[in-house]
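A closer look at the structure
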Amino acid sequence: MSYKILCIDGGGIRGVFSLELLKMFQEDLGKDVFQKFDCFSGTSTGALIVSALLRGYGPRELIHFYTIFGRKIFPKRRKHITQEAKYSHDFLQTILKTTLSEKTTFADLSKHLIVPACTLSDSIENRWSFEIFDNFNIEKAKEFNLVDVALRSSAAPIYFTSFQGYVDGGVYALNPSLLAFSRAIDPLGGGREISDLKILSIGTGINPTGIKDEINWGLDQWMSPRDDLADYPLVSLITDIGSMIPNYPLEQILKNNYLRVNGLLPIPIEIDDPSKIALLRKAARDVKEKTPLLWDNYLAWISS
């Protein structure tokens, strides 16, 4: 029996790009399109989005939330790194408690959910490690508060303070597709057969960044703003490449049962720049408008 997984990348405010794609899928295929999926997985902003979808919110509503609250989550944007995180997660926490309900646990959800985060000190060896939160084990899922896990997964280093001893799952699974695949087939997780899986992976837009010349950069250059590249080129390099990595193995394993949907952004857009929301939405619409045949293929895949 087919087991469909919807995965959404991390990317801060660029989650609006993902939401615009989801909104168009819903407009073309019907409001119940996401009911076709058995499992949802998201990292960082992707974790916020899939959690909200599972609580009954639609893409259109979530775009409105990002538009209204983006400037409060990312106030007084500054490019240069200081000795403290750029932003507090207090306002985001308040919004999530209201929208997701502060008492909701993973066990309360009607679909499977997989969310990565990174603990700064595990309980065994007192070292940082990856951690995966899901609800395949219902009893254990009762321990996972939905708001807390969303905040753990979205506590991006440099940008936000850690939350409950965790930082962003994007440090190892910015694109959670391969992680979701692994948990779905794990006998201690979903226990599914590989032949049953279909994964739809949604990106947050591809930044048009690269360096043509040989470089001899040290820490200052790699971590200092460049208007033609990124606020922090090293972070951008790691995250941009990290979001691509799951595609190759999953394409080899799942063949046509893996679909990646993403699109090129017109200019580099940082994860904490809500002034670019309109550009993000247009870039997502361009995926449909500039490649209509490809879009039709996406619709056929989702409907199958």
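See the structure printed just above.
To start, this report covers the structure provided alongside it. (Residues numbered from 1 in each chain as written. Predicted model: local features only at pLDDT ≥ 70, side-chain atom pairs only at ≥ 80, totals over all residues. Heavy atoms only, no water.)

Section: the overall build of the protein
A count of helical and extended segments in the protein gives 13 helices and 7 strands. Scaling as 2.2 N^0.38, a compact globule of 304 residues should have a C-alpha radius of gyration of about 19 Å, and the protein matches this with 18 Å. Summarising its shape, the C-alpha atoms of the protein cover approximately 50 × 50 × 35 Å along the three principal directions. Within the protein, counting contacts between residues at least 6 apart in sequence, those at least 24 apart form 74% of the total. Looking at the protein as shown, the accessible area adds up to about 14700 Å², and 53% of this sits on carbon and sulfur atoms. With 34 positive and 36 negative side-chain charges, the protein shows a spacing of 5 Å between the two charge centroids. (Helix = DSSP H or I, 4+ residues; strand = E, 2+ residues; numbered from the N terminus. Rg over C-alpha atoms; globule rule 2.2 N^0.38 Å. Contact = heavy atoms within 4.5 Å. Areas by Shrake-Rupley, 256 points an atom, 1.4 Å probe, with all protein chains shown as cover. Lys, Arg positive; Asp, Glu negative; His and termini not counted. Charge placed at Lys NZ, Arg CZ, Asp CG, Glu CD.)

A look at the nonpolar core
L21, L22 and F25 are the most contacted members of the largest nonpolar core, which totals 69 residues. Discounting residues that sit within four places of it in the chain, L22 has contacts with L6, I8, F34, I49, L53, P59 and I202. Membership of the second largest hydrophobic core comes to 14 residues, among which are C7, C39, I114 and F181. (Core = buried A, V, L, I, M, F, W, Y, C linked by side-chain atoms within 4.5 Å. Buried < 20%, exposed > 50% of the residue type's maximum accessible area, 1.4 Å probe, protein only.)

Let's talk about the packing of helix α4 (residues 90-101) against helix α6 (residues 146-153)
The N-to-C vectors of α4 and α6 enclose an angle of 140°; their axes lie 9 Å apart at closest approach. Classified by the angle between their axes, α4 and α6 sit oblique to one another. You can see that α4 and α6 cross each other, and the crossing is right-handed. Residues L92, Q93, L96, K97, L100 and S101 of α4 form the contact with α6, whose participating residues are L146, V147, A150 and L151. Residues belonging to the contact of α4 with α6 are distributed by class as follows: 7 nonpolar, 2 polar and 1 charged. (Axes fitted to C-alpha atoms, helices over the stretch in contact; angles between N-to-C directions. Parallel < 35°, antiparallel > 145°, perpendicular 65-115°, else oblique. Left-handed = near helix turned anticlockwise from the far one by under 90°. Nonpolar A, V, L, I, M, F, W, Y, C, P; charged D, E, K, R; others polar.)

Focus on the pairing of strand β6 (residues 197-202)
Buried residues dominate β6, accounting for 6 of its 6 residues. Residues of β6 alternate between two faces, with L197, I199 and S201 on one and K198, L200 and I202 on the opposite face, all of them buried. As judged from the 6 bridges shared by strand β1 (residues 3-8) and β6, these two strands associate in the parallel manner. When the sheet's bridge partners are listed, I5 is paired in β6 with I199. Pairing of β6 with strand β7 (residues 258-261), which is carried by 4 bridges, proceeds in the parallel orientation. Looking at β7, one finds that I202 is bridged to V261. (Pairing = 2+ DSSP bridges.)

Focus on the side chain of T119
Structurally, T119 is set in strand β3 (residues 112-119). Only 3.3 Å separates the side chain of T119 from the backbone oxygen of S121, close enough to count as a polar contact. (Polar contact = N/O pair within 3.5 Å; in protein donor to acceptor, adjacent residues only side chain to side chain.)

With respect to the environment of L264
Take L264: it is sitting in the loop between β7 and α12 (277-290). When the C-alpha atoms of L264 and P208 are compared, they prove to be 6.8 Å apart, with 56 residues separating the residues in sequence. Residue contacts for L264: discarding those within four places in its chain leaves I206, P208 and A283.

Digging into the packing of aromatic side chains
As enumerated under the stated definition, the model contains 15 aromatic pairs in all. Residue placement shows K4 over the ring face of F37; its charged tip is 5.5 Å from the ring centre. The side chain of K198 reaches across the aromatic face of W301, ending 4.4 Å from its centre. (Phe/Tyr/Trp six-rings, centres within 6.5 Å; stacked < 30°, edge-to-face > 60°. Lys NZ or Arg CZ within 6 Å of the ring centre and 35° of its normal.)

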